Amino acid sequence: MANKRFSDFVLGTTVSDIDYVVGYKGAENIQIAPVQLDSTYELNHVSITNGVELSLDGVSGPDAGNQYLSDITGGNNIEVSLIDDNNIQISTQVNNRITVTGIWKNLFGGSPGIFGDTLEFAASASPVASNSSVFVIPFDCVLENVTTKWIHNTAVNIVGGDTWTVFLYTLNSPNISTTVQANYSLQAQIGVQLTAADTGSFPFKSWDGSIAFSKGDILNVSGVENGSIATDDAEMEAYLTFRETY
């Protein structure tokens, strides 16, 4: 070999074309099988919390027995999951939110709606016997907060066991009257209520939860009286926060 130039060697194209790779270390001649110079690996993966752990495992060659780990994890509004042996799914959910404001006028039967005091959106629905305000849901969503604030210049006056409670109703079909009670289905009673405990105050109430709605649902929000609360010309605002779902 010492008398042969590299340019005289027969050209090979694959590892199988040779038996050994030769060289030297100091004064010692060395031969090494090609497989000992070329590591092979196996890629494995396992699910972890909101992510996937990837491992590159050396199975032969100089790197046999070594393992290299890397995690792919989600974050705010990003989810990472292993969906089968060959696919990792990365999904995102942007929490688009809208807040809608409405107002109850002439509370406690002073301007009664079909269930009680109807929350009016955008514009006053008057006369109430002929109109009933609703809100059309613009996209698939959940109602996650309702906050109310008493805005009248005199305080609440409720006595005894009388109560005033907020209920949510949806219209059973988009092309029927909003002024007929039988045209609605009850969706929820939320945790906003006025009682004798609020007498003398200007209440601020807030409810957090998750009530699902679909695009096109038509929503009626009503304060329903239980008892005989004295009619008032008071007003209270409501702020409804919806979060888009996918």
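Worth saying up front: this structure is predicted, and the values here are computed from it rather than measured.

**A closer look at the overall build of the protein**
Helix and strand content of the protein: zero helices and 17 strands. In terms of overall dimensions, the protein is more spread out than a globule: its C-alpha atoms have a radius of gyration of 36 Å, far above the 18 Å expected for 246 residues. Counting only C-alpha atoms and orienting by the principal axes, one finds that the protein spans roughly 115 × 40 × 25 Å. Counting over 246 residues, the protein shows a buried share of 33%. Once local pairs closer than 6 in sequence are excluded, the contacts in the protein between residues at least 24 apart make up 64%. For the protein, the exposed surface amounts to about 14600 Å²; the carbon and sulfur share of it is 50%.

**A few points about the sheet that holds strand β12 (residues 141-150)**
Hydrogen bonds between backbone atoms are what pair the strands of a sheet, whose relative direction is either parallel or antiparallel. A sheet is described by the order of its strands in space; here five strands give the open sequence β10-β8-β17-β12-β15, paired in antiparallel fashion. At either end of the open sheet lies a strand with only one pairing partner, and these are β10 (120-121) and β15 (204-213). Bridge count for strand β8 (residues 97-104) against β10 is two bridges, and the pairing is antiparallel. Note on β10: the bridge partner recorded for I103 is E120.

**Concerning the sheet that holds strand β3 (residues 40-48)**
In space, the three strands of this open sheet follow the order β3-β4-β5, with antiparallel pairing throughout. Both outer strands of the open sheet, β3 and β5 (67-73), are each paired with one neighbouring strand and no more. Averaged over all neighbouring strand pairs, the angle between strand axes comes to 20°, with direction disregarded. Summarising the sheet, β3 and strand β4 (residues 51-60) pair through nine bridges and their orientation is antiparallel. For L43, the partnering residue across the bridge sits in β4 and is L56.

**Here's the deal with the environment of Q36**
Here Q36 shows up in the loop between β2 (28-32) and β3. By relative accessible area, which is 46% here, Q36 ends up partly exposed.

Reading guide: rules and limits
- Residues numbered from 1 in each chain as written.
- Predicted model: local features only at pLDDT ≥ 70, side-chain atom pairs only at ≥ 80, totals over all residues.
- Heavy atoms only, no water.
- Helix = DSSP H or I, 4+ residues; strand = E, 2+ residues; numbered from the N terminus.
- Rg over C-alpha atoms; globule rule 2.2 N^0.38 Å.
- Buried < 20%, exposed > 50% of the residue type's maximum accessible area, 1.4 Å probe, protein only.
- Contact = heavy atoms within 4.5 Å.
- Areas by Shrake-Rupley, 256 points an atom, 1.4 Å probe, with all protein chains shown as cover.
- Pairing = 2+ DSSP bridges.
- Axes fitted to C-alpha atoms, helices over the stretch in contact; angles between N-to-C directions.

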